[in-house]
Each structure stands twice: as C-alpha cells, then as structure tokens.
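# Results of the structural survey
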Amino acid sequence: MWACRSHRPFVRRGRRVGGKRTPAAPFLVRLSLVFLLLAACYPGPARGQFDHVTVGARAHALGGSLVVGADDASAVFWNPAALWSIRQPSFVFDLRRTDELRSFAASLFDPERGSFGLALWRVPEAGARSGAAAWSFPLSAQLRCGLVAALTSLDTTQSYTYGFGVDWTVGDHSQARNAPTSLPGFGELHLAAAYVGLPLSGPPLPRELRVGLGLRPVTNGPQLLLAQHWIRHQALAHTGLEIPLAGENRFLMGVENWNIRTMRLGL
C-alpha cells in the first residue's frame, strides 16, 4: 500500500460588504450537496459501514489504533474530532497491489469555521462502498469535538448514519508557552472517543464505539497508542507504537488483539 500527502498553507477569508464580513454558506447545505454526490457515485451494494475497514496506510501500520494520533485526512474515518489538529490541507489514498483504490480522504482547515473533511472507502470482498463528511471545532484549547455523517449502499437501499467524537490533550507540547504542563510521570497524555453508525434513515447498520489513549513520555519522543473498538457485541483491541527517526521519518509498528500474527511494520 502507498500513502500520499499534500500540505499547503490555506487560509480562507470571507468578503466584506459595508465593513462587515458576509456569512458563509450554512454547513448543512454543504453537507447535503456532499450527500447528493455520494449517492450518485456509490450506488453499489454493501455489507457494512465502518465494519472491517482500515482507512489510510499509516493506520494499517499502526494496527488500526488511530482513535488517537490521526494526523491526516483519515481522521474523517477514525475520529472526526482530530480534524481540528490538522492545520494544513491534507489528502491520503490507499492503493493496493492490484492498482485498486480502496480509500481516499481529504481535509481543509479554516480557523474561523472549523475543519472539514471528506472520505470515501470500499471493501471489494464485501461489496461495500461508503462515504462520509465530517466537521471539527474546538471547545477549548485542549478539547476538540467533531461530527460525521455517512452514507452506505446496502443491496438496493441506502443507509444514512451520523456519529460524533471528542479529542482531549493534556500537556500538549506543541502548543504555546502558556499551554498546560505535562502530567508528572506521564508526559503528554492524549484521550479520545468516537461513536459512529447511529441511524438517520434506511436499514440500520452496526454501531461502533471507539476509545483511544495516546502516551508520549518525552517531548518529540516515541508515542504509544492504545485503542478499543466495540462493534457487533465484540471488543477488538488495537495497539500501535510510533518511533521518530532522523528528519521527519518515523518507524511504525502495530498489532490487533495482542496477536503477534497480526503485527505490521511501516516507515
């Protein structure tokens, strides 16, 4: 699998009329347009929505533990609240050996209106084709919230769902000097949760609750990611380890359900 990212500074400013800033188009109108596009582009059958899917090459290498730690547009899928932390435009895609596009995600950051993201993914083995749009905004300097709405085709019908996520950082070393200090003995602590698949219309799909914890004992040091997913009355554990290397390179390692056979490595 390959991952590609594009980062460019992006700042959008509204037009001023008579010395006042004109309001932006309502977010719900934009979201409705996205749903119409998704409905037109993804009419195929599907088995589930967030079930047995891993969006993003980095998430694959980290064993699907990105409830905490998503640093690109794949946050639309893993935890919409994390979009606010991605301050530059980003896009990622997952291309397999068969040259088959499995997933695509893109995000934009607006300091005034919040972060917006779009993700499309498919699971050919299950005939699943899905898409989601997300919006993230800050509640405080350390607490972010996100909303996501998703569309999935299911046989000859379509299911619409929604979800939400929260993202809380304690002792974030990347913030300004007046940011809270790290927790004694723990360093930077990162907590997050997401609940997705809640029904809006159409046949109900499996709901999924995700809880994650990230721990970085030393500034710019290794980060341990722990996540627990509950879906279909089953609990799945995901563990990831990210070790910084020279420059911007990082060594990634992940495992699912503490099974060594599922270990994955990446750079």
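Residues numbered from 1 in each chain as written. Predicted model: local features only at pLDDT ≥ 70, side-chain atom pairs only at ≥ 80, totals over all residues. Heavy atoms only, no water.

### Quick notes on the pattern of salt bridges
Stated formally: Every case where a carboxyl oxygen of Asp or Glu lies within 4 Å of a side-chain nitrogen of Lys or Arg is listed as a salt bridge. For the purposes of this entry, the term helix denotes a DSSP run of H or I that reaches at least four residues, the term strand denotes a run of E that reaches at least two, and both are numbered from the N terminus. Between buried and exposed lies partly exposed: a residue is buried under 20% and exposed over 50% of the maximum accessible area for its type, with that area taken using a 1.4 Å probe on protein chains only.
Tallied over the full model, the rule gives eight salt bridges. For Glu242, the salt bridge is made with Arg58, and the minimal N-O distance between the two is 3.1 Å. Of this pair, Glu242 sits in strand 12 (residues 234–244) while Arg58 sits in helix 2 (residues 57–61); the two residues are 184 residues apart in sequence, bridging distant segments of the chain. Given a relative accessible area of 4%, Glu242 falls into the buried group. Look at Arg58 and you get buried, because its relative accessible area is 7%. Note that Asp71 and Arg250 form a salt bridge whose closest N and O atoms lie 3.3 Å from each other. Of this pair, Asp71 sits in the loop between helix 2 and helix 3 (75–78) while Arg250 sits in strand 13 (residues 250–256), and the two are 179 residues apart along the sequence. By relative accessible area, which is 25% here, Asp71 ends up partly exposed. Residues joined by salt bridges that share partners form a network here, namely Arg58, Asp71, Glu242 and Arg250.

### A few points about the confidence of the model for the chain
The cut-off we apply is this: Summary of the metric used: pLDDT quantifies the predictor's per-residue confidence within the range 0 to 100. When checking whether two residues touch, look at their non-hydrogen atoms; a contact exists if any pair is within 4.5 Å.
With 70% of its residues at a pLDDT of 70 or more, the chain shows a mean pLDDT of 76. Taken together, the stretch residues 173–182 has pLDDT below 50 and engages in eleven contacts with residues farther than four places along the chain or on a different chain.

### Section: a nonpolar patch on the surface
Short version of the rule: Here a patch means residues that are over 30% exposed by relative accessible area and free of salt bridges, tied together within 9 Å if like-charged and within 5 Å if nonpolar (Val, Leu, Ile, Met, Phe, Trp, Tyr). Areas reported as accessible are Shrake-Rupley estimates using a 1.4 Å probe. Residue values count occlusion only from the protein chains shown.
A contiguous nonpolar surface patch, about 370 Å² in accessible area, is contributed by Leu147, Tyr162, Phe164 and Leu200. Summarising the element assignment, Tyr162 is placed in strand 8 (residues 157–170). By relative accessible area, which is 36% here, Tyr162 ends up partly exposed.

### Some words on the pairing of strand 12
Operational definition: At least two bridges found by DSSP between two strands is the condition for calling them paired.
Taken together, the nine bridges between strand 11 (residues 223–231) and strand 12 define a ladder with antiparallel strand orientation. Across the sheet, the residue bridging to Leu226 is Thr239, located in strand 12. What sits between strand 11 and strand 12 in their antiparallel hairpin is a turn of two residues, with Arg232 showing a positive phi close to 55°. Across seven bridges, strand 12 lies against strand 13 in antiparallel orientation. In the sheet register, Ile243 faces strand 13, and the bridge partner there is Phe251. Here strand 12 hands over to strand 13 after five residues, with Gly247 in that stretch at a positive phi of 70°.

### Here's the deal with the environment of Ser130
Mapped onto the secondary structure, Ser130 falls in strand 6 (residues 128–138). Separated by 20 residues in the primary sequence, Ser130 and Ala150 have C-alpha atoms spaced 7.3 Å apart.

### Observations concerning the packing of aromatic side chains
This is how it is decided: Pairing of aromatic rings covers Phe, Tyr and Trp, the last through its six-membered ring, and needs centres within 6.5 Å; plane angles under 30 degrees mean stacked, over 60 mean edge-to-face, and all others mean tilted.
Across all of its chains, the model carries five aromatic pairs by this definition. Taking the centre distance of 4.8 Å and the plane angle of 40° together, the rings of Trp135 and Phe137 count as tilted. Ring geometry for Phe164 and Tyr195: centres 6.2 Å apart, planes at 90°, overall edge-to-face. On the criterion of sequence distance, the pair formed by Phe164 in strand 8 and Tyr195 in strand 9 (residues 188–201) is long-range, its members being 31 residues apart. Look at Tyr195 and you get partly exposed, because its relative accessible area is 26%.

### So, the pairing of strand 10 (residues 208–216)
Here strand 10 shows a clear split, with Glu208, Arg210, Gly212, Gly214 and Arg216 buried on one side and none of Leu209, Val211, Leu213 and Leu215 buried on the other. Pairing of strand 9 with strand 10 involves nine bridges; the strand directions are antiparallel. Among the inter-strand pairings, Ala192 is bridged to a residue of strand 10, identified as Gly212. What sits between the antiparallel neighbours strand 9 and strand 10 is a turn of six residues, in which Gly202 has the positive phi angle 85°. Bridge count for strand 10 against strand 11 is eight bridges, and the pairing is antiparallel. Residue pairing across strands places Gly212 opposite Ala227, the latter belonging to strand 11. As consecutive antiparallel partners, strand 10 and strand 11 are separated by six residues, and within that stretch Asn220 has a phi angle of approximately 60°, a positive value.

### Some points on the side chain of Ser74
Position of Ser74 relative to the elements: it lies in the loop between helix 2 and helix 3. For Ser74, a relative accessible area of 2% gives the class buried. Leave out the neighbours within four places in its chain, and Ser74 touches Val55, Val92 and Ala105.

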